[in-house]
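Residues per chain are reported as follows:
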Amino acid sequence: MGLMSEIQKAAEIIQEGGLVAFPTETVYGLGADALNPYAVARIFEVKNRPQFDPLIVHVADMRQAEILALKFPEKALRLIEKFWPGPLTVVLQKAAIVPDIVTSSLPTVAIRVPNHPMALELIRESGRPIAAPSANPFGGVSPTTAEHVRQSLGGKIDMILDGGPCLVGVESTVISFVGKEPVLLRPGGVSLEEIQAIIGKVEIHTSAVDKPLAPGQLDHHYAPRTPLILDDSLESLPEGKKIGLLAFQKPKTSYTFAAIEILSEKGDLKEAAANLFAALRRLDEKNLDLIVAHPVPHAGLGRAINDRLYKASRK
Ligand code: AMP
Ligand code: MG
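The rules behind these values
- Residues numbered from 1 in each chain as written.
- Chains lettered and ligands numbered in written order.
- Predicted model: local features only at pLDDT ≥ 70, side-chain atom pairs only at ≥ 80, totals over all residues.
- Heavy atoms only, no water.
- Helix = DSSP H or I, 4+ residues; strand = E, 2+ residues; numbered from the N terminus.
- Rg over C-alpha atoms; globule rule 2.2 N^0.38 Å.
- Buried < 20%, exposed > 50% of the residue type's maximum accessible area, 1.4 Å probe, protein only.
- Contact = heavy atoms within 4.5 Å.
- Areas by Shrake-Rupley, 256 points an atom, 1.4 Å probe, with all protein chains shown as cover.
- Pairing = 2+ DSSP bridges.
- Salt bridge = Lys/Arg side-chain N within 4 Å of Asp/Glu carboxyl O.
- Axes fitted to C-alpha atoms, helices over the stretch in contact; angles between N-to-C directions.
- Polar contact = N/O pair within 3.5 Å; in protein donor to acceptor, adjacent residues only side chain to side chain.
- Patch = residues over 30% accessible without salt bridge, like charges linked within 9 Å, V, L, I, M, F, W, Y side chains within 5 Å.

1. Concerning the overall build of the protein
Then, in step 1: Check the secondary structure of the protein and you find 10 helices and 14 strands.
Then, in step 2: For 315 residues, the compact-globule formula gives about 20 Å, and the C-alpha radius of gyration of the protein, at 19 Å, lands near that figure.
Then, in step 3: The C-alpha extent of the protein, read off along each of the three principal axes, is 55 × 45 × 35 Å.
Then, in step 4: When the 315 residues of the protein are sorted by exposure, 57% land in the buried category.
Then, in step 5: Restricting to contacts in the protein with at least 6 residues of sequence separation, those with at least 24 account for 66%.
Then, in step 6: Accessible surface for the protein amounts to roughly 13600 Å². Of this, 51% is attributable to carbon and sulfur atoms.

2. As for the sheet that holds strand E9 (residues 183-186)
Then, in step 1: Pairing within the open sheet is mixed, and its 10 strands lie in the order E7-E1-E2-E6-E3-E5-E4-E8-E9-E10. Strands with a single pairing partner mark the edges of an open sheet, and in this sheet they are strand E7 (159-160) and strand E10 (203-204).

3. Structural notes on the side chain of Thr103
Then, in step 1: Here Thr103 shows up in helix H5 (residues 100-103).
Then, in step 2: When its relative accessible area of 1% is taken as the criterion, Thr103 is described as buried.
Then, in step 3: For Thr103, the contacting residues outside a window of four places in its chain are Pro54, Lys94, Val98, Thr108 and Val109.

4. Some thoughts on the pattern of salt bridges
Then, in step 1: For the structure shown, the criterion picks out 13 salt bridges.
Then, in step 2: Note that Asp33 is salt-bridged to Arg128, the shortest N-O span being 3.0 Å. With Asp33 in strand E2 (residues 29-33) and Arg128 in the loop between helix H6 (117-126) and strand E6 (130-131), this pair connects stretches of sequence that are 95 residues apart.
Then, in step 3: The closest approach of N and O atoms between Asp100 and Lys94, which form a salt bridge, is 3.9 Å.
Then, in step 4: In this structure, a network of salt bridges that share partners links the residues Glu171, Asp307, Arg308 and Lys311.

5. Considering the sheet that holds strand E13 (residues 259-262)
Then, in step 1: Taken in spatial order, the four strands of this open sheet run E11-E14-E12-E13, and their pairing is parallel. Each edge of the open sheet is held by one strand with a lone partner, namely strand E11 (228-230) and E13. Each adjacent strand pair in this sheet contributes to an overall mean axis angle of 20°, direction not counted.
Then, in step 2: Taken together, the three bridges between E11 and strand E14 (residues 290-293) define a ladder with parallel strand orientation.

6. Brief notes about the side chain of Arg303
Then, in step 1: Summarising the element assignment, Arg303 is placed in helix H10 (residues 302-313).
Then, in step 2: Of note is the side chain of Arg303, whose polar atom sits 2.9 Å from the side chain of Glu193.

7. Side note on a nonpolar patch on the surface
Then, in step 1: A cluster of nonpolar side chains, Leu35, Ile67 and Ile97, forms an exposed patch at the surface whose accessible area comes to about 240 Å².
Then, in step 2: Its location among the elements puts Leu35 in the loop between E2 and helix H2 (37-47).

8. Some thoughts on the pairing of E2
Then, in step 1: Burial analysis of E2 places five of its five residues in the buried class, which makes it a mostly covered element.
Then, in step 2: Pairing between strand E1 (residues 20-22) and E2: three bridges, direction antiparallel. Across the sheet, Phe22 pairs through a bridge with Gly29, a residue of E2.
Then, in step 3: Following E1, the chain reverses through six residues before pairing antiparallel with E2.
Then, in step 4: In the sheet, E2 pairs with E6 via two bridges, with the strands oriented antiparallel.

So this is what it looks like as structure tokens:
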């Protein structure tokens, strides 16, 4: 089947209330027609996702976004102008057309335009906004290839579109515009610095970014099956255990690890983000006793990476 007819078939599945996994620039999404509550209910069922965790609605352009939200504050528009299509999700007051199941009954809706030709084509071809969380069982490591999706959800969904590996590799930045000041709810593919350069001051939801090494309120885990700890010293590791290391660059340590994954030899946070979830999966497949993750520099995309590592360490 040609690429176009693959997408046409996927679009028909969406129109009929089915589930399609599709590539975006961040991670693979598990999509359903956002305006069909029965289809959206299946997302929660298949992922085993708790109903109180709302979904992001993916649209092809601003015109389609306008149908879903009551108003777009000026600062939201400035970010949209700069970062759509891209890994930026805005939370706005929802229009009545958005079913409660999408937003976990919140009066707000999260919206973004993904920067991936297959995702955009699927949304346009189906003519529907597509609600899509990451295409993995709830709490697990997000998928960055079609093969990752096949492994965990293969038998349970109607179709998987394969668009190759995701180029950004961490989820979108989520920012809310429903209060007085914009609030960063989740660090992601657009950095806090890039956002501040456009709209100035942004409040930071405490579990979102500021204290990635402190306990916080959590809704996602991004966790491998193997226990994972964050350790910035790499000293005094237990002897006689099979330990894998997830490091940013080549680590300075004399400890003999059973496996090592280096996120970016040259110390590039973008490359590290793109490699993060696949590296975690490879370590998880090695039957280790423990994965030790070395935090990355806490700036730019590093905030999103540290956030995922921190959440993965909290079981
Ligand atoms: P994911 O499962 O990776 O697609 O994550 C979706 C993220 O968007 C989660 O962190 C949600 O809590 C957040 N989100 C979605 N809808 C809303 C909303 N209406 N208000 C606040 N956060 C939201
Ligand atoms: Mg997810």
